[in-house]
Amino acid sequence: MANRHTWRIVFTTIVACAALVVLGGVAFLYSGAYNVAASEPHTGVMRWALGTLQERSVAMRAAGVPSAPPIDSAMLQHGLEHYVAMCVMCHGAPGVDRGEVGQGLTPRPPNLARAATRLSERETYWILDHGIKLAGMPAFGETHSPEELWGLVGFMRLLPDMTPDEYRQMVQKAGLGVGVDGGADSTAGHAHAPGAGAHDH
């Protein structure tokens, strides 16, 4: 009997503590104490929690992404055009700072000229396809074909070894006329793979 009584006390204590944690969390949410302003960085605990959640979530789901198809020069060309149109403003490029949009986001979008190889090809594709909640990262799979996304992945893998002059020359050779300024409207000269539906960026 004594042993059963002891376990009942332990169980009751655990339930009471769990209830207090839940009530405390609800009270914190409704208090408005946490500053959600993008002009303020996350606290250390929140930054760690969101970063870990994102990393593990992407890694688990990216395991189901098929292997990359052969990426030819035409796909890389489309990848360049899409990068200029959709990515430079937030992520920058070799020799190009983030635009005004990217500078105002929290968490700060990674500079892909330095960070593109930290993720696997499958992880990069999954992020482009599905986006990231609470990070300002759109789900481009809603408006782009798998071939276009893989072309973008292929181009992004070139960024860490690309010099600012090489990037500028590629943009100018493509006749985009923009894309060397993160704050520019980078949609000029943007084209899509055959069969892709028209859409805005």
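(A) How the structure looks around helix α8 (residues 146–158). The terminal C-alpha atoms of α8 lie 19 Å apart, and with 13 residues this matches the ideal 18 Å at 1.5 Å per residue to within 8%. Glu148, Leu149, Trp150, Gly151, Leu152, Val153, Gly154, Phe155 and Met156 are the residues of α8 that are buried. On its buried side, α8 packs onto α3 (73–86), α6 (112–115), α7 (121–130) and α9 (164–173).

(B) Main features of the side chain of asparagine 111. Assignment of secondary structure puts asparagine 111 in the loop between α5 (100–103) and α6. Here alanine 113 takes part through its backbone nitrogen, which lies 2.9 Å from a polar atom of the side chain of asparagine 111. Other than its neighbours up to four places away in sequence, asparagine 111 contacts His91 and Arg98.

(C) Structural context of the packing of α3 against α8. Contact geometry of α3 with α8 gives a least axis separation of 7 Å together with a crossing angle of 85°. Between α3 and α8, the angle falls in the class roughly perpendicular. Touching Met75, Leu76, Gly79, Leu80, His82, Tyr83 and Met86 of α3 are Glu147, Glu148, Trp150, Gly151, Leu152, Gly154, Phe155, Met156 and Leu158, all from α8. Partitioning the contact of α3 with α8 into residue classes produces 10 nonpolar, 4 polar and 2 charged.

(D) Representation of the confidence of the model for the protein chain in the model. Scored by pLDDT, the protein chain has a mean of 85; 87% of the residues are at 70 or more. Note on residues 183–201: pLDDT under 50 across the span, and 36 contacts to partners over four residues away in sequence or across chains.

(E) The arrangement of a nonpolar patch on the surface in detail. A grouping of Val22, Val26, Phe28, Leu29 and Tyr30 is seen on the molecular surface, where their side chains present a nonpolar patch of about 590 Å² in accessible area. As for its position among the elements, leucine 29 is in helix α1 (residues 2–31). What makes leucine 29 exposed here is its relative accessible area of 67%.

(F) Highlighting the packing of aromatic side chains. Considering all chains together, one arrives at 2 aromatic pairs under this definition. Taking 5.6 Å as the distance between ring centres and 55° as the angle between the ring planes, the aromatic pair formed by tyrosine 83 and phenylalanine 155 counts as tilted. Here tyrosine 83 is found in helix α3, whereas its partner phenylalanine 155 is found in helix α8, with 72 residues between them in sequence. A relative accessible area of 0% places tyrosine 83 in the buried class. Aromatic side chains tyrosine 125 and tryptophan 150 sit 4.4 Å apart centroid to centroid with 20° between the ring planes, which places their arrangement in the stacked category. Taken together, the residues tyrosine 125 in helix α7 and tryptophan 150 in helix α8 connect sequence positions 25 residues apart. With relative accessibility at 8%, the residue tyrosine 125 sits in the buried group. On the accessibility criterion, tryptophan 150 (6% relative accessible area) is buried.

(G) Quick look at unusual backbone geometry. In this structure, proline 107 follows threonine 106 across a cis peptide bond, with omega equal to 0°. In this fold, proline 107 is placed in the loop between α5 and α6. The phi torsion at leucine 134 lies on the positive side, around 65°, for a residue other than glycine. For leucine 134, the position within the fold is in the loop between α7 and α8. The class for leucine 134 is exposed, based on a relative accessible area of 71%.

(H) Representation of α3 within the structure. Its 14 residues give α3 an end-to-end C-alpha distance of 20 Å, which sits within 8% of 20 Å, the value for a rise of 1.5 Å per residue. Counting buried residues along α3, 10 of its 14 residues qualify, which places the element largely inside the surrounding structure. Turning to α3, its buried residues number three or more, namely Met75, His78, Gly79, Leu80, Glu81, His82, Tyr83, Val84, Ala85 and Met86. Where α3 is buried, its residues meet α4 (88–91), α6, α8 and α9.

What counts and what doesn't
Residues numbered from 1 in each chain as written. Predicted model: local features only at pLDDT ≥ 70, side-chain atom pairs only at ≥ 80, totals over all residues. Heavy atoms only, no water. Helix = DSSP H or I, 4+ residues; strand = E, 2+ residues; numbered from the N terminus. Expected span 1.5 Å × (residues − 1). Buried < 20%, exposed > 50% of the residue type's maximum accessible area, 1.4 Å probe, protein only. Contact = heavy atoms within 4.5 Å. Polar contact = N/O pair within 3.5 Å; in protein donor to acceptor, adjacent residues only side chain to side chain. Axes fitted to C-alpha atoms, helices over the stretch in contact; angles between N-to-C directions. Parallel < 35°, antiparallel > 145°, perpendicular 65-115°, else oblique. Nonpolar A, V, L, I, M, F, W, Y, C, P; charged D, E, K, R; others polar. pLDDT = per-residue confidence, 0-100. Patch = residues over 30% accessible without salt bridge, like charges linked within 9 Å, V, L, I, M, F, W, Y side chains within 5 Å. Areas by Shrake-Rupley, 256 points an atom, 1.4 Å probe, with all protein chains shown as cover. Salt bridge = Lys/Arg side-chain N within 4 Å of Asp/Glu carboxyl O. Phe/Tyr/Trp six-rings, centres within 6.5 Å; stacked < 30°, edge-to-face > 60°.

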